[in-house]
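Observations on the three-dimensional arrangement
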Number of protein chains: 2
Amino acid sequence: MSSAPRRADARRNRARLLETAHALFAERGTDASLEEVARRAGVAIGTLYRHFPTREDLLAGLFERSLQELADEADALLAEPVGVEDVLGWLRLFASHSGTYRGLPRSVLVGLDEEGSPLHASCTRMQGGAARLFAAARAAGSIRADVSTEDVLAIVAGIAWVVEQVGGDGRADRLLGLVRDALAAVR
Amino acid sequence: MSSAPRRADARRNRARLLETAHALFAERGTDASLEEVARRAGVAIGTLYRHFPTREDLLAGLFERSLQELADEADALLAEPVGVEDVLGWLRLFASHSGTYRGLPRSVLVGLDEEGSPLHASCTRMQGGAARLFAAARAAGSIRADVSTEDVLAIVAGIAWVVEQVGGDGRADRLLGLVRDALAAVR
DNA sequence: ACCTGAACACCGTTCAAGT
DNA sequence: ACCTGAACACCGTTCAAGT
(Lines give C-alpha, C1' and ligand atoms only; values in the text may rest on other atoms or scores of the structure.)
Protein backbone atom coordinates (compact mmCIF):
# COMPACT_ATOMS: atom_id res chain seq x y z
CA MET A 1 0.00 0.00 0.00
CA SER A 2 2.86 2.45 0.71
CA SER A 3 3.83 4.01 -2.61
CA ALA A 4 7.53 3.65 -3.42
CA PRO A 5 8.66 6.36 -5.87
CA ARG A 6 10.95 5.31 -8.70
CA ARG A 7 13.44 8.16 -8.76
CA ALA A 8 16.19 8.09 -6.17
CA ASP A 9 15.73 11.73 -5.14
CA ALA A 10 12.00 11.15 -4.69
CA ARG A 11 12.63 8.11 -2.50
CA ARG A 12 15.10 10.11 -0.44
CA ASN A 13 12.68 13.00 -0.06
CA ARG A 14 9.87 10.72 0.99
CA ALA A 15 12.05 9.08 3.63
CA ARG A 16 13.30 12.43 4.92
CA LEU A 17 9.75 13.76 5.13
CA LEU A 18 8.65 10.75 7.15
CA GLU A 19 11.59 11.04 9.55
CA THR A 20 11.07 14.75 10.02
CA ALA A 21 7.32 14.45 10.44
CA HIS A 22 7.83 11.75 13.04
CA ALA A 23 10.13 13.98 15.04
CA LEU A 24 7.91 17.04 14.80
CA PHE A 25 4.66 15.18 15.49
CA ALA A 26 6.26 13.56 18.51
CA GLU A 27 7.25 17.00 19.71
CA ARG A 28 4.11 19.01 18.96
CA GLY A 29 1.34 16.62 17.99
CA THR A 30 -0.17 15.73 14.66
CA ASP A 31 -1.34 19.26 13.98
CA ALA A 32 2.20 20.56 13.75
CA SER A 33 2.84 22.85 10.80
CA LEU A 34 3.36 21.03 7.52
CA GLU A 35 5.39 23.96 6.27
CA GLU A 36 7.77 23.38 9.13
CA VAL A 37 7.99 19.69 8.30
CA ALA A 38 8.97 20.57 4.73
CA ARG A 39 11.37 23.25 5.95
CA ARG A 40 13.15 20.91 8.37
CA ALA A 41 13.23 18.14 5.81
CA GLY A 42 14.90 20.52 3.39
CA VAL A 43 12.32 20.22 0.63
CA ALA A 44 9.83 22.67 -0.82
CA ILE A 45 6.26 22.59 0.42
CA GLY A 46 5.03 21.34 -2.96
CA THR A 47 7.18 18.25 -2.59
CA LEU A 48 5.53 17.40 0.70
CA TYR A 49 2.11 17.72 -0.91
CA ARG A 50 3.15 15.60 -3.88
CA HIS A 51 4.18 12.72 -1.60
CA PHE A 52 1.41 13.16 0.93
CA PRO A 53 -1.66 14.94 -0.44
CA THR A 54 -3.18 15.27 3.02
CA ARG A 55 -1.96 15.29 6.60
CA GLU A 56 -3.80 11.99 7.05
CA ASP A 57 -1.73 10.41 4.25
CA LEU A 58 1.43 11.43 6.05
CA LEU A 59 0.10 9.93 9.26
CA ALA A 60 -0.81 6.74 7.43
CA GLY A 61 2.76 6.48 6.14
CA LEU A 62 4.10 6.92 9.65
CA PHE A 63 1.73 4.60 11.45
CA GLU A 64 1.38 1.68 9.04
CA ARG A 65 4.13 -0.38 10.61
CA SER A 66 2.83 0.17 14.11
CA LEU A 67 -0.62 -1.09 13.16
CA GLN A 68 0.89 -4.15 11.53
CA GLU A 69 2.81 -4.89 14.73
CA LEU A 70 -0.41 -4.68 16.70
CA ALA A 71 -2.07 -7.20 14.39
CA ASP A 72 0.93 -9.52 14.68
CA GLU A 73 0.97 -9.25 18.44
CA ALA A 74 -2.72 -10.18 18.60
CA ASP A 75 -2.03 -13.27 16.52
CA ALA A 76 0.95 -14.18 18.68
CA LEU A 77 -1.34 -14.27 21.72
CA LEU A 78 -3.56 -16.83 20.03
CA ALA A 79 -1.05 -19.58 20.75
CA GLU A 80 -2.05 -19.94 24.38
CA PRO A 81 -5.60 -20.09 25.73
CA VAL A 82 -6.68 -16.47 25.78
CA GLY A 83 -7.61 -15.03 29.17
CA VAL A 84 -9.00 -11.63 30.15
CA GLU A 85 -5.56 -10.44 31.10
CA ASP A 86 -4.22 -11.30 27.66
CA VAL A 87 -6.96 -9.20 26.14
CA LEU A 88 -6.24 -6.38 28.57
CA GLY A 89 -2.53 -6.58 27.79
CA TRP A 90 -3.22 -6.23 24.09
CA LEU A 91 -5.61 -3.32 24.68
CA ARG A 92 -2.91 -1.62 26.71
CA LEU A 93 -0.59 -2.03 23.75
CA PHE A 94 -3.20 -0.64 21.41
CA ALA A 95 -3.75 2.39 23.64
CA SER A 96 -0.05 2.96 23.93
CA HIS A 97 0.56 2.80 20.17
CA SER A 98 -2.42 5.08 19.57
CA GLY A 99 -0.81 7.59 21.88
CA THR A 100 2.44 7.81 19.91
CA TYR A 101 1.60 11.39 18.92
CA ARG A 102 -0.81 13.84 20.44
CA GLY A 103 -3.73 13.82 18.01
CA LEU A 104 -3.20 10.27 16.82
CA PRO A 105 -6.06 8.63 18.77
CA ARG A 106 -8.46 10.67 16.66
CA SER A 107 -6.94 9.47 13.40
CA VAL A 108 -6.99 5.86 14.57
CA LEU A 109 -10.63 6.09 15.60
CA VAL A 110 -11.60 7.68 12.32
CA GLY A 111 -9.39 5.26 10.39
CA LEU A 112 -11.26 2.36 11.98
CA ASP A 113 -14.60 3.83 11.14
CA GLU A 114 -14.35 5.58 7.81
CA GLU A 115 -13.51 3.94 4.51
CA GLY A 116 -12.31 7.22 3.10
CA SER A 117 -9.49 7.55 5.63
CA PRO A 118 -5.93 6.88 4.38
CA LEU A 119 -5.45 4.92 7.60
CA HIS A 120 -8.42 2.68 6.91
CA ALA A 121 -6.60 -0.23 5.27
CA SER A 122 -4.02 -0.50 8.04
CA CYS A 123 -6.60 0.00 10.76
CA THR A 124 -8.75 -2.73 9.28
CA ARG A 125 -5.84 -5.17 9.28
CA MET A 126 -5.22 -4.30 12.90
CA GLN A 127 -8.90 -4.73 13.75
CA GLY A 128 -8.76 -8.14 12.11
CA GLY A 129 -6.09 -9.20 14.60
CA ALA A 130 -8.15 -7.84 17.46
CA ALA A 131 -11.24 -9.67 16.23
CA ARG A 132 -9.37 -13.00 16.18
CA LEU A 133 -8.04 -12.42 19.66
CA PHE A 134 -11.46 -11.49 21.01
CA ALA A 135 -13.10 -14.48 19.34
CA ALA A 136 -10.60 -16.78 21.03
CA ALA A 137 -11.20 -15.10 24.37
CA ARG A 138 -14.95 -15.50 23.94
CA ALA A 139 -14.55 -19.13 22.97
CA ALA A 140 -12.53 -19.68 26.12
CA GLY A 141 -15.28 -18.00 28.16
CA SER A 142 -12.85 -15.29 29.26
CA ILE A 143 -14.90 -12.35 28.06
CA ARG A 144 -18.53 -11.62 27.31
CA ALA A 145 -19.93 -12.61 23.94
CA ASP A 146 -22.23 -9.63 23.57
CA VAL A 147 -19.67 -6.85 23.17
CA SER A 148 -18.29 -6.09 19.71
CA THR A 149 -14.60 -5.71 18.92
CA GLU A 150 -15.48 -2.43 17.29
CA ASP A 151 -16.99 -0.96 20.44
CA VAL A 152 -14.08 -2.07 22.58
CA LEU A 153 -11.55 -0.52 20.21
CA ALA A 154 -13.61 2.67 20.14
CA ILE A 155 -13.77 3.03 23.91
CA VAL A 156 -10.07 2.28 24.27
CA ALA A 157 -9.28 4.88 21.63
CA GLY A 158 -11.36 7.19 23.80
CA ILE A 159 -9.21 6.30 26.78
CA ALA A 160 -6.06 6.97 24.78
CA TRP A 161 -7.50 10.36 23.95
CA VAL A 162 -8.35 11.10 27.59
CA VAL A 163 -4.81 10.25 28.63
CA GLU A 164 -3.41 12.38 25.84
CA GLN A 165 -5.47 15.33 27.08
CA VAL A 166 -5.06 15.14 30.84
CA GLY A 167 -2.60 12.35 31.54
CA GLY A 168 -2.25 11.64 35.22
CA ASP A 169 -0.33 8.85 36.88
CA GLY A 170 -1.97 5.49 36.49
CA ARG A 171 -5.08 6.88 34.86
CA ALA A 172 -4.63 4.82 31.71
CA ASP A 173 -4.40 1.66 33.79
CA ARG A 174 -7.39 2.51 35.93
CA LEU A 175 -9.60 3.32 32.94
CA LEU A 176 -8.47 0.22 31.08
CA GLY A 177 -9.27 -1.70 34.26
CA LEU A 178 -12.86 -0.52 33.97
CA VAL A 179 -13.01 -1.89 30.45
CA ARG A 180 -11.66 -5.21 31.66
CA ASP A 181 -14.27 -5.39 34.40
CA ALA A 182 -17.00 -4.63 31.89
CA LEU A 183 -15.68 -7.32 29.52
CA ALA A 184 -15.44 -9.88 32.30
CA ALA A 185 -18.82 -9.04 33.83
CA VAL A 186 -21.64 -11.55 33.57
CA ARG A 187 -24.92 -9.83 32.86
CA MET B 1 -18.23 34.47 37.90
CA SER B 2 -19.59 35.69 34.56
CA SER B 3 -18.47 39.30 34.21
CA ALA B 4 -21.33 41.74 33.59
CA PRO B 5 -20.07 44.89 31.87
CA ARG B 6 -21.46 48.22 33.10
CA ARG B 7 -22.02 50.04 29.82
CA ALA B 8 -25.13 49.14 27.89
CA ASP B 9 -23.34 48.77 24.56
CA ALA B 10 -20.81 46.46 26.17
CA ARG B 11 -23.55 44.30 27.66
CA ARG B 12 -25.27 44.15 24.29
CA ASN B 13 -22.05 43.21 22.53
CA ARG B 14 -21.28 40.49 25.03
CA ALA B 15 -24.74 38.99 24.59
CA ARG B 16 -24.55 39.16 20.80
CA LEU B 17 -21.12 37.52 20.83
CA LEU B 18 -22.42 34.66 22.96
CA GLU B 19 -25.47 34.12 20.74
CA THR B 20 -23.41 34.21 17.59
CA ALA B 21 -20.69 31.96 18.98
CA HIS B 22 -23.32 29.44 20.08
CA ALA B 23 -24.78 29.32 16.58
CA LEU B 24 -21.41 29.06 14.85
CA PHE B 25 -19.96 26.52 17.28
CA ALA B 26 -23.07 24.41 16.91
CA GLU B 27 -22.60 24.54 13.17
CA ARG B 28 -18.85 24.04 12.86
CA GLY B 29 -17.49 23.04 16.22
CA THR B 30 -15.53 24.97 18.82
CA ASP B 31 -12.63 25.66 16.49
CA ALA B 32 -14.75 27.86 14.25
CA SER B 33 -13.12 31.12 13.25
CA LEU B 34 -13.29 33.81 15.92
CA GLU B 35 -13.04 36.43 13.21
CA GLU B 36 -16.24 35.07 11.75
CA VAL B 37 -17.92 35.14 15.14
CA ALA B 38 -17.04 38.82 15.47
CA ARG B 39 -18.07 39.50 11.87
CA ARG B 40 -21.47 37.85 12.27
CA ALA B 41 -22.01 39.52 15.62
CA GLY B 42 -21.35 42.85 13.98
CA VAL B 43 -18.45 43.86 16.22
CA ALA B 44 -14.76 44.36 15.58
CA ILE B 45 -12.37 41.56 16.40
CA GLY B 46 -10.84 43.57 19.22
CA THR B 47 -14.20 43.70 20.97
CA LEU B 48 -14.42 39.95 20.98
CA TYR B 49 -10.97 39.69 22.51
CA ARG B 50 -11.83 42.31 25.14
CA HIS B 51 -14.84 40.31 26.31
CA PHE B 52 -13.29 36.88 25.88
CA PRO B 53 -9.49 36.93 25.98
CA THR B 54 -9.31 33.29 24.86
CA ARG B 55 -11.50 30.84 23.02
CA GLU B 56 -11.81 28.94 26.29
CA ASP B 57 -13.28 32.01 28.01
CA LEU B 58 -15.93 32.22 25.33
CA LEU B 59 -16.71 28.55 25.80
CA ALA B 60 -16.92 29.03 29.55
CA GLY B 61 -19.45 31.81 29.04
CA LEU B 62 -21.51 29.56 26.81
CA PHE B 63 -21.38 26.43 28.91
CA GLU B 64 -21.71 27.76 32.44
CA ARG B 65 -25.47 27.35 32.62
CA SER B 66 -25.35 23.84 31.22
CA LEU B 67 -22.89 22.72 33.87
CA GLN B 68 -25.03 24.24 36.61
CA GLU B 69 -28.03 22.32 35.30
CA LEU B 70 -26.03 19.12 35.47
CA ALA B 71 -25.14 19.77 39.08
CA ASP B 72 -28.77 20.53 39.92
CA GLU B 73 -29.98 17.40 38.17
CA ALA B 74 -27.54 15.30 40.18
CA ASP B 75 -28.87 16.78 43.40
CA ALA B 76 -32.46 16.22 42.30
CA LEU B 77 -31.71 12.52 41.95
CA LEU B 78 -30.58 12.36 45.56
CA ALA B 79 -34.20 12.43 46.77
CA GLU B 80 -34.84 8.78 45.96
CA PRO B 81 -32.54 5.88 46.79
CA VAL B 82 -29.91 6.03 44.07
CA GLY B 83 -29.65 2.96 41.82
CA VAL B 84 -27.20 2.11 39.02
CA GLU B 85 -29.72 3.22 36.44
CA ASP B 86 -30.01 6.63 38.07
CA VAL B 87 -26.27 6.98 37.84
CA LEU B 88 -26.32 5.83 34.24
CA GLY B 89 -29.11 8.27 33.42
CA TRP B 90 -27.11 11.14 34.83
CA LEU B 91 -23.98 10.05 32.96
CA ARG B 92 -26.00 9.96 29.76
CA LEU B 93 -27.05 13.53 30.48
CA PHE B 94 -23.46 14.53 31.13
CA ALA B 95 -22.32 12.96 27.87
CA SER B 96 -25.10 14.63 25.98
CA HIS B 97 -24.35 18.08 27.38
CA SER B 98 -20.66 17.59 26.72
CA GLY B 99 -21.52 16.91 23.11
CA THR B 100 -23.31 20.22 22.58
CA TYR B 101 -20.56 21.35 20.22
CA ARG B 102 -17.95 19.36 18.37
CA GLY B 103 -14.79 20.00 20.36
CA LEU B 104 -16.53 20.56 23.67
CA PRO B 105 -15.72 17.19 25.29
CA ARG B 106 -12.09 18.22 25.21
CA SER B 107 -12.75 21.50 27.00
CA VAL B 108 -14.87 19.77 29.62
CA LEU B 109 -12.20 17.16 30.28
CA VAL B 110 -9.51 19.79 30.56
CA GLY B 111 -11.80 22.03 32.62
CA LEU B 112 -12.26 19.19 35.11
CA ASP B 113 -8.56 18.58 35.35
CA GLU B 114 -6.75 21.89 35.08
CA GLU B 115 -7.10 24.76 37.49
CA GLY B 116 -5.98 27.19 34.85
CA SER B 117 -8.94 26.50 32.59
CA PRO B 118 -11.67 29.15 32.42
CA LEU B 119 -14.14 26.26 32.65
CA HIS B 120 -12.62 24.99 35.85
CA ALA B 121 -14.94 26.68 38.35
CA SER B 122 -18.10 25.52 36.58
CA CYS B 123 -16.73 22.05 35.99
CA THR B 124 -15.81 21.73 39.62
CA ARG B 125 -19.35 22.67 40.70
CA MET B 126 -20.68 20.06 38.31
CA GLN B 127 -18.22 17.47 39.60
CA GLY B 128 -19.45 18.26 43.11
CA GLY B 129 -22.96 17.23 42.11
CA ALA B 130 -21.63 14.07 40.53
CA ALA B 131 -19.64 13.26 43.65
CA ARG B 132 -22.73 13.55 45.87
CA LEU B 133 -24.72 11.36 43.50
CA PHE B 134 -21.99 8.74 43.40
CA ALA B 135 -21.57 8.76 47.15
CA ALA B 136 -25.29 8.09 47.57
CA ALA B 137 -25.14 5.28 45.03
CA ARG B 138 -22.18 3.75 46.84
CA ALA B 139 -23.95 4.06 50.18
CA ALA B 140 -26.94 2.25 48.68
CA GLY B 141 -24.61 -0.49 47.43
CA SER B 142 -25.61 0.26 43.82
CA ILE B 143 -22.10 0.87 42.52
CA ARG B 144 -18.59 -0.12 43.44
CA ALA B 145 -16.79 1.87 46.10
CA ASP B 146 -13.36 1.65 44.51
CA VAL B 147 -13.92 3.79 41.43
CA SER B 148 -13.45 7.56 41.67
CA THR B 149 -15.94 10.09 40.38
CA GLU B 150 -13.06 11.71 38.54
CA ASP B 151 -12.22 8.57 36.59
CA VAL B 152 -15.85 7.95 35.66
CA LEU B 153 -16.30 11.51 34.39
CA ALA B 154 -13.08 11.18 32.44
CA ILE B 155 -14.06 7.96 30.69
CA VAL B 156 -17.52 9.32 29.91
CA ALA B 157 -15.96 12.47 28.45
CA GLY B 158 -13.92 10.05 26.34
CA ILE B 159 -17.11 8.39 25.19
CA ALA B 160 -18.62 11.77 24.32
CA TRP B 161 -15.52 12.43 22.26
CA VAL B 162 -15.74 9.07 20.49
CA VAL B 163 -19.36 9.74 19.58
CA GLU B 164 -18.47 13.22 18.38
CA GLN B 165 -15.80 11.74 16.11
CA VAL B 166 -17.52 8.72 14.62
CA GLY B 167 -21.12 8.75 15.88
CA GLY B 168 -23.00 5.65 14.89
CA ASP B 169 -26.49 4.62 15.94
CA GLY B 170 -26.68 3.52 19.53
CA ARG B 171 -22.95 3.67 20.07
CA ALA B 172 -23.23 6.16 22.92
CA ASP B 173 -25.67 3.88 24.70
CA ARG B 174 -23.60 0.77 24.16
CA LEU B 175 -20.40 2.39 25.43
CA LEU B 176 -22.17 3.91 28.42
CA GLY B 177 -23.57 0.45 29.05
CA LEU B 178 -20.01 -0.83 29.41
CA VAL B 179 -19.35 1.83 32.03
CA ARG B 180 -22.49 0.80 33.89
CA ASP B 181 -21.43 -2.84 33.87
CA ALA B 182 -18.00 -1.89 35.16
CA LEU B 183 -19.54 0.22 37.93
CA ALA B 184 -21.93 -2.52 38.93
CA ALA B 185 -19.35 -5.29 38.78
CA VAL B 186 -18.20 -6.94 41.95
CA ARG B 187 -14.50 -7.60 41.91
C1' DA C 1 -14.87 52.23 29.76
C1' DC C 2 -15.22 50.43 25.66
C1' DC C 3 -14.84 49.98 20.50
C1' DT C 4 -12.42 50.00 15.99
C1' DG C 5 -9.59 48.06 12.56
C1' DA C 6 -4.89 48.08 10.74
C1' DA C 7 -0.73 45.49 11.35
C1' DC C 8 2.07 41.46 12.09
C1' DA C 9 3.17 36.78 11.89
C1' DC C 10 1.90 32.46 10.44
C1' DC C 11 -0.44 28.74 7.97
C1' DG C 12 -2.76 25.41 4.27
C1' DT C 13 -3.08 24.56 -0.46
C1' DT C 14 -2.54 25.16 -5.45
C1' DC C 15 -0.12 25.45 -9.65
C1' DA C 16 2.93 27.41 -13.38
C1' DA C 17 7.60 27.06 -14.32
C1' DG C 18 11.54 24.57 -14.17
C1' DT C 19 15.00 20.32 -14.48
C1' DA D 1 8.83 12.17 -13.13
C1' DC D 2 9.64 15.12 -9.82
C1' DC D 3 10.89 19.60 -7.51
C1' DT D 4 10.53 24.62 -6.58
C1' DG D 5 8.52 28.52 -4.57
C1' DA D 6 5.41 32.37 -5.49
C1' DA D 7 0.59 33.35 -4.96
C1' DC D 8 -3.88 33.28 -2.79
C1' DA D 9 -6.98 33.07 0.89
C1' DC D 10 -7.56 32.85 5.56
C1' DC D 11 -6.63 33.09 10.51
C1' DG D 12 -5.13 34.44 15.63
C1' DT D 13 -3.64 38.13 18.32
C1' DT D 14 -2.07 42.76 19.63
C1' DC D 15 -2.42 47.55 20.20
C1' DA D 16 -2.60 52.62 18.98
C1' DA D 17 -6.17 55.61 18.01
C1' DG D 18 -10.62 56.93 18.71
C1' DT D 19 -15.38 58.08 21.22
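Residues numbered from 1 in each chain as written. Chains lettered and ligands numbered in written order. Predicted model: local features only at pLDDT ≥ 70, side-chain atom pairs only at ≥ 80, totals over all residues. Heavy atoms only, no water.

In the region of DNA strand D, 22 residues are neighbours, and A:R7, A:N13, A:T47, B:Y49 and B:R55 sit closest. Per the 4 Å cut-off to the protein, sugar and phosphate atoms form 64% of the nearby atoms of DNA strand D. Within the backbone of B:E35, a nitrogen or oxygen atom sits 3.2 Å from a phosphate oxygen of DNA strand D. In this structure, B:Y49 approaches DNA strand D through a side-chain N or O atom, which is 2.7 Å from a phosphate oxygen. Listing elements by their share of the surface near DNA strand D, those giving two or more residues are α1 (8–28) and α3 (45–51) of chain A together with α2 (34–41) and α3 (45–51) of chain B. Per element, the largest residue contribution to the surface near DNA strand D is 5 residues, and it comes from α3(A). Here the residues of the surface near DNA strand D sort into 9 nonpolar, 6 polar and 7 charged. (Near = heavy atom within 4 Å. Polar contact = N/O pair within 3.5 Å; in protein donor to acceptor, adjacent residues only side chain to side chain. Helix = DSSP H or I, 4+ residues; strand = E, 2+ residues; numbered from the N terminus. Nonpolar A, V, L, I, M, F, W, Y, C, P; charged D, E, K, R; others polar.)

With that settled, consider the environment of B:S96. Mapped onto the elements of the fold, B:S96 is located in helix α5 (residues 84–98). With 38 residues separating them in the primary sequence, B:S96 and B:F134 have C-alpha atoms 19 Å apart.

We now examine the protein's contact with DNA strand C. Around DNA strand C there are 22 residues in total, and A:Y49, A:R55, B:R7, B:N13 and B:T47 lie nearest to it. Those atoms of DNA strand C that come within 4 Å of the protein belong to sugar or phosphate at a rate of 63%. A distance of 3.3 Å separates a base oxygen of DNA strand C from a polar atom in the backbone of B:G46. For DNA strand C, a phosphate oxygen lies 3.2 Å from a polar atom in the side chain of B:H51. Split into classes, the residues belonging to the surface near DNA strand C amount to 9 nonpolar, 6 polar and 7 charged.

With that settled, the discussion passes to the interface of chain A and chain B. Taken together, the contact pairs 28 residues of chain A with 28 residues of chain B. With both chains or domains summed, chain A and chain B bury close to 2500 Å², and 65% of this area falls on carbon and sulfur atoms. Linking chain A to chain B there are 10 salt bridges. Here B:R171 makes a salt bridge to A:D113, at a shortest N to O gap of 3.6 Å. The interface formed by chain A and chain B holds 8 residue pairs in polar contact (both at pLDDT 80 or more) in total. Mapped onto the side of chain A that touches chain B, the elements with two or more residues apiece are α6 (104–113), α8 (149–166) and α9 (171–184) of chain A. (Contact = heavy atoms within 4.5 Å. Buried area = accessible area lost by both parts, 1.4 Å probe. Salt bridge = Lys/Arg side-chain N within 4 Å of Asp/Glu carboxyl O.)

Let us look at the domain arrangement of chain A. Residues and elements named next belong to chain A. Domain boundaries assigned for chain A yield domain 1 (1–53) and domain 2 (55–183). Just the C-alpha atoms count here: the centres of domain 1 and domain 2 sit 27 Å apart. On the domain 2 side, the residues contacting the 16 residues of domain 1 number 12 residues. With both chains or domains summed, domain 1 and domain 2 bury close to 1300 Å², and 66% of this area falls on carbon and sulfur atoms. Inspection of the region where domain 1 meets domain 2 yields 0 salt bridges. On the surface where domain 1 and domain 2 come into contact, there are 5 residue pairs in polar contact (both at pLDDT 80 or more). If you tally residues by element for the side of domain 1 that touches domain 2, the top one is α1, at 7 residues. (Domains from an automatic or database assignment.)

On to the UniProt feature "domain: HTH tetR-type" (unreviewed entry) in chain A. Per the UniProt annotation, the sites labelled "domain: HTH tetR-type" (unreviewed entry) are residues 11–70 of chain A. Helix makes up 82% of residues 11–70 of chain A and strand 0%, with an end-to-end C-alpha separation of 27 Å. (UniProt positions renumbered as here; feature names shortened; annotations may be inferred.)

Glancing now at the side chain of A:T149. Residues and elements named next belong to chain A. Looking at the secondary structure, you find T149 in helix α8. For T149, a relative accessible area of 10% translates into the label buried. Setting aside chain neighbours within four positions, we find T149 in contact with Q127, A130, A131, F134 and R138. (Buried < 20%, exposed > 50% of the residue type's maximum accessible area, 1.4 Å probe, protein only.)

This part is about the UniProt feature "DNA-binding region" (unreviewed entry) in chain A. Here the UniProt feature "DNA-binding region" (unreviewed entry) sits at residues 33–52 of chain A. For the annotated span residues 33–52 of chain A, helix accounts for 75% and strand for 0% of the residues, and the straight-line distance between the end C-alpha atoms is 14 Å.

Before going further, it helps to examine the layout of surface pockets. The calculated volume of the largest pocket comes to roughly 820 Å³. Forming the walls of the largest pocket are 30 residues, and the residues nearest its centre are A:D31, A:R106, A:W161, A:Q165 and B:R106. Within the residue set of the lining of the largest pocket, elements represented by two or more residues are α4 (55–77), α6 and α8 of chain A together with α4 (55–77), α6 (104–113) and α8 (149–166) of chain B. With 4 residues, α6(B) is the single largest residue contributor to the lining of the largest pocket. Its residues assigned to classes, the lining of the largest pocket comprises 6 nonpolar, 10 polar and 14 charged. (1 Å grid on protein atoms, 1.4 Å probe; cavity = no way out; pocket = protein on both sides within 12 Å on 5 of 7 lines; lining within 4 Å. Points joined across faces, edges and corners; volume = space filled by probe spheres on them.)

A word on helix α1 (residues 8–28) of chain B. For an α-helix the count is 3.6 residues per turn, leaving residues at separations of three or four pointing the same way. Residue and element names in this part refer to chain B. Spanning 21 residues, α1 covers 30 Å between terminal C-alpha atoms, matching the ideal 30 Å at 1.5 Å per step. Taken together, the buried positions of α1 are occupied by A10, R14, L17, L18, T20, A21, L24 and F25. The inward-facing, buried residues of α1 contact α2, α3 and α4. Looking at the residues trailing α1, positive phi occurs at G29, about 90 degrees. (Expected span 1.5 Å × (residues − 1).)

This part takes up the packing of aromatic side chains. Taken as a whole and assessed by the stated rule, the structure comprises 5 aromatic pairs over all chains. With 4.9 Å between their ring centres and 5 degrees between their planes, A:W161 and B:W161 make a pair best called stacked. Remark: B:W161 occurs in helix α8 and A:W161 occurs in helix α8; the pair is interchain, linking two chains. Owing to a relative accessible area of 4%, A:W161 belongs among the buried residues under this scheme. Geometrically, the ring pair formed by B:W90 and B:F94 is stacked, given 5.8 Å between the ring centres and 0 degrees between the ring planes. Here B:F94 and B:W90 lie together in helix α5, a separation of 4 residues that amounts to about one turn. As far as burial versus exposure is concerned, B:W90 and B:F94 are alike and both buried. (Phe/Tyr/Trp six-rings, centres within 6.5 Å; stacked < 30°, edge-to-face > 60°.)

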